[in-house]
Amino acid sequence: MPDTGPSLSPLPPQAGGGAPELRPETFDAVIAGAGPAGAVAALVLARARWRVALVDQPPSAIKLGEALAPGGRIALERLGLQVLGPPHRKIRGQLTAWDGPDLVATDFMASPHGAGWRLDRPVFDHALREAAIAAGVTAITGLVSAPERDGAHWRLADGLSGRWLVDATGRRATLARSLGARVVRDASQIAYYARWTPDVPPGQDRTLVEASEFGWWYGCELPGGQVLVGLHLDRSMALSRGRDQAAWVEGYQATRHIAPRLGPVGADVEWIAPHDASGTVTRPAVGAGWIAVGDAALAFDPISGHGITHAITSAVAGAEALLGDDAAREGYSQHLASLRQHYAPEWRRVQARRLRPVAAPVSASSD
Ligand SMILES: Cc1cc2nc3c(=O)[nH]c(=O)nc-3n(C[C@H](O)[C@H](O)[C@H](O)COP(=O)(O)OP(=O)(O)OC[C@H]3O[C@@H](n4cnc5c(N)ncnc54)[C@H](O)[C@@H]3O)c2cc1C
């Protein structure tokens, strides 16, 4: 038994009516993480009349991941959530130079689900959390860690307890790991992003992707008019080049397609802290009294564009599994395994095709 103390670190409520502080209470489910997966799982459970606590830190003003694939809209509609519309903007597809120097256009018109969306991500995540709260979820400001099992309940700090724990902490899968699960990582990838205000709005309604010598570049125009550009580096390159802003700017200016479309780095450039963008799989994603959803269960390489949609759909599936029986939870586990089984070879195939002026081996994942 660890002699570290309790597990939930309460933070003061935010000014202007933020989440309440922790108070002694027993819930049917305590959900760690209020990103899209946590908020949607909370919503589904609350609609089934479960008492749900949704625990997270105060949201940050920056959140990466702003392209919602067309299927994401369908998932939201199935939940009856009307959260798309201004300030979010429709996008038509993607322009990609991946396995050769020229751009290839992907048009969402070819998708039966229609357009994709460029999200104002903090606004989007906030709207999902508000929908959960409106359904009766209790939002709590804090961090969940090292939960202790007490009979049929989990005991957390400050008297908070729950029958079920839901890990929606993102690709770190903090809770699942603390409960003995292993996170298997595909080839490591670190993302270095910056955003700025362009002198002239580029008028881009597609996502731009371009493979480079060291990894790949991502570029888009955000709903508020800024541009967002990211360099995704293999870990071997990340340590030497990632934090070098001058090298980043030089690399960006040398892009064949993205810089000419989005313009030079602006004077108000804002550097965003590096993000781990590796694909991961958590094994197991379901245990005695707990379940993982969203990135905490299975995270995709951002090149796939699946992340937010999977966060929503896996949260629905995970919540329904909690509402069901052991067989339902086993079904959820198998569903995740099947997604991973289809994704892993496809991901390896896409990586192997990536244009590499400097040849580098693609690390194979363990499955
Ligand atoms: C660089 C990059 C670019 C991306 N681009 C796209 C894109 O364009 N389109 C797309 O669909 N996806 C994209 N993704 C992926 C997408 O952002 C994620 O798949 C999605 O956010 C997963 O949602 P989630 O709710 O599972 O986790 P998250 O959104 O990561 O939310 C996890 C939450 O858990 C909280 N938390 C963590 N630990 C604790 C704890 N101990 N207790 C309580 N709370 C905790 C965090 O504060 C956070 O709010 C991108 C990812 C990266 C890294």
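Within each chain, residues carry numbers counting from 1 in the order of the written sequence. Totals for whole chains, interfaces and linings use all residues, but because this is a predicted model, local features are given only for residues with pLDDT of at least 70 and pairs of side-chain atoms are given and counted only at 80 or more.

Caption draft 1: Focus on the packing of helix α1 (residues 36-47) against helix α8 (residues 307-323). Helix axes are fitted only over the stretch in contact, all axes being lines through C-alpha atoms; the angle between N-to-C directions runs from 0 to 180 degrees. Under the DSSP-based scheme used, a helix requires at least four consecutive residues in state H or I and a strand at least two consecutive residues in state E, with every element numbered from the N terminus. Remark: α1 packs on α8, axes separated minimally by 8 Å, with the N-to-C direction vectors making an angle of 35°. The hand of the α1/α8 crossing is right-handed. Contacts between α1 and α8 pair Pro-36, Ala-37, Val-40, Ala-41, Val-44 and Leu-45 from the former with Ile-308, Ala-311, Ile-312, Ser-314, Ala-315, Val-316, Gly-318, Ala-319, Glu-320 and Leu-322 from the latter. Each residue gets one label: Ala, Val, Leu, Ile, Met, Phe, Trp, Tyr, Cys and Pro are nonpolar, Asp, Glu, Lys and Arg are charged, and the others, such as Gly, are polar. Residue classes in the contact of α1 with α8 are distributed as 13 nonpolar, two polar and one charged. The hand of a helix crossing depends on one turn: near helix anticlockwise from the far one by less than a right angle means left-handed, and clockwise means right-handed. Any residue pair is listed as a contact if its two C-beta atoms, each placed from the backbone, are within 7 Å.

Caption draft 2: Representation of the sheet that holds strand β18 (residues 280-283). Only when DSSP finds a minimum of two bridges between them are two strands counted as paired. With respect to topology, three strands assemble into an open sheet ordered β12-β18-β21, the strand pairing being antiparallel. Because the sheet does not close on itself, it has two edges, and the strands there are β12 (182-185) and β21 (298-299). Pairing of β12 with β18 involves four bridges; the strand directions are antiparallel. When the bridges of β18 are listed, Arg-182 appears paired with Arg-283.

Caption draft 3: Representation of unusual backbone geometry within the structure. Cis geometry is found at the peptide bond from Pro-86 to Pro-87, where omega equals 10°. Its location among the elements puts Pro-87 in the loop between α2 (70-78) and β4 (89-91). A cis amide bond, omega -5°, links Arg-283 with the succeeding residue Pro-284. By the secondary structure assignment, Pro-284 is in the loop between β18 and β19 (286-287). Even without glycine at this site, Ala-173 takes up a positive phi of about 45°. Counting through the fold element by element, Ala-173 comes out in the loop between β11 (160-167) and α4 (174-178). Three exposure classes are used. Buried residues have 20 or more other C-beta atoms within 10 Å of their own C-beta, exposed residues have 12 or fewer, and partly exposed residues fall in between, all C-beta atoms being placed from the backbone. Owing to 27 C-beta atoms within 10 Å, Ala-173 belongs among the buried residues under this scheme.

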